[in-house]
Amino acid sequence: MLVRQASPMTDLETQLTRRRLLELGLVLPPLAVIAGRTDLFSSPALAATPAVLDADDDPTPELTEGPYFTPNSPKRKSILPSGAVGTRLTLTGRVLTTGGKPIPNALIDFWQADARGAYDNSGYRFRGHQFTNAKGQYSLLTVVPGLYPGRTRHIHVKVQAPHEPVLTTQLFFPGVARNGSDGIYTSECLVKRWRLVQDRRAAAFDFVLDV
Ligand SMILES: [Fe+2]
């Protein structure tokens, strides 16, 4: 009688079998998880917030015009100047590690254009910094930033965990037509939970630092 011996599976076959089992939800967790590494479930790795840079962020001293970052902004949670026009915006969120742990006392420095798209380059209108609380939380009161030539709506941010490098990035808003034509825009930095509360806007964003 002819007996056919099973041939060993190739790497490709092994991968395909694993993929099929994954599709069926039949792949068991790794032994490390079974052995008690429940942190792998409770603290999934988060994608670090990407840096987003443009000419606005370059404090090149030769350039005298343009909406640049200004150091030494006031410490405050509201960067809304008195009498400012525009739709009020409350932005809240946390600063987290890629492991999902909140980072207390992280520095967050915000700066943005006003509702008409103009920056204050001689003072500190719509500029301010703050530190996250013990739970890694922050909150910002401002207005929805205006458009200016070549750019979609955005808020500039520098975020720094204590004794760690500075992340310079920008936040963007859903539903802005110019998002599609702004080469600096990235959906990774879209604010979340964008909603209208009466005549105000609210949004959330968690910064994830690779620390
Ligand atoms: Fe800008």
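About the criteria used
- Residues numbered from 1 in each chain as written.
- Predicted model: local features only at pLDDT ≥ 70, side-chain atom pairs only at ≥ 80, totals over all residues.
- Heavy atoms only, no water.
- Helix = DSSP H or I, 4+ residues; strand = E, 2+ residues; numbered from the N terminus.
- Buried < 20%, exposed > 50% of the residue type's maximum accessible area, 1.4 Å probe, protein only.
- Contact = heavy atoms within 4.5 Å.
- Areas by Shrake-Rupley, 256 points an atom, 1.4 Å probe, with all protein chains shown as cover.
- Core = buried A, V, L, I, M, F, W, Y, C linked by side-chain atoms within 4.5 Å.
- 1 Å grid on protein atoms, 1.4 Å probe; cavity = no way out; pocket = protein on both sides within 12 Å on 5 of 7 lines; lining within 4 Å.
- Points joined across faces, edges and corners; volume = space filled by probe spheres on them.
- Polar contact = N/O pair within 3.5 Å; in protein donor to acceptor, adjacent residues only side chain to side chain.

1. Details of the overall build of the protein chain
For the protein chain, the count of helices and strands is 3 helices and 9 strands. The linear arrangement of helices and strands in the protein chain, starting from the amino end, is α-α-α-β-β-β-β-β-β-β-β-β. In the protein chain, which comprises 211 residues, the share counted as buried stands at 37%. Once local pairs closer than 6 in sequence are excluded, the contacts in the protein chain between residues at least 24 apart make up 69%. If you sum the accessible surface of the protein chain, you get close to 12700 Å²; carbon and sulfur atoms cover 56% of it.

2. A few points about the nonpolar core
Residues Leu91, Val95, Phe110, Val157 and Phe207 are the most contacted members of the largest nonpolar core, which totals 27 residues. When neighbours within four sequence positions are excluded, Leu91 is seen to be in contact with Phe110, Tyr138, Ser139, Leu140, Leu171, Val191, Ala203, Ala204 and Phe205. Among the nonpolar cores identified, the runner-up in size contains 5 residues, and Phe69, Ala113, Tyr119 and Tyr148 belong to it.

3. With respect to the layout of surface pockets
Each pocket or cavity is described by its volume, and for the largest pocket that value is around 210 Å³. Along the walls of the largest pocket sit 13 residues, with Thr49, Lys192, Phe205, Asp206 and Val208 positioned nearest its centre. Among the secondary structure elements, those contributing two or more residues to the lining of the largest pocket are strand E1 (88-97) and strand E7 (192-197).

4. A few points about the side chain of His129
If you trace the backbone, His129 turns up in strand E3 (residues 127-131). Taking relative accessible area as the criterion, His129 reaches 16% and is therefore assigned buried. Within the structure, the side chain of His129 is placed 2.8 Å from the backbone oxygen of Ser73, a separation counted as a polar contact. Not counting chain neighbours up to four residues away, the residues in contact with His129 comprise Ser73, Pro74, Lys75, Arg76, Leu107, Ile108 and Asp109.

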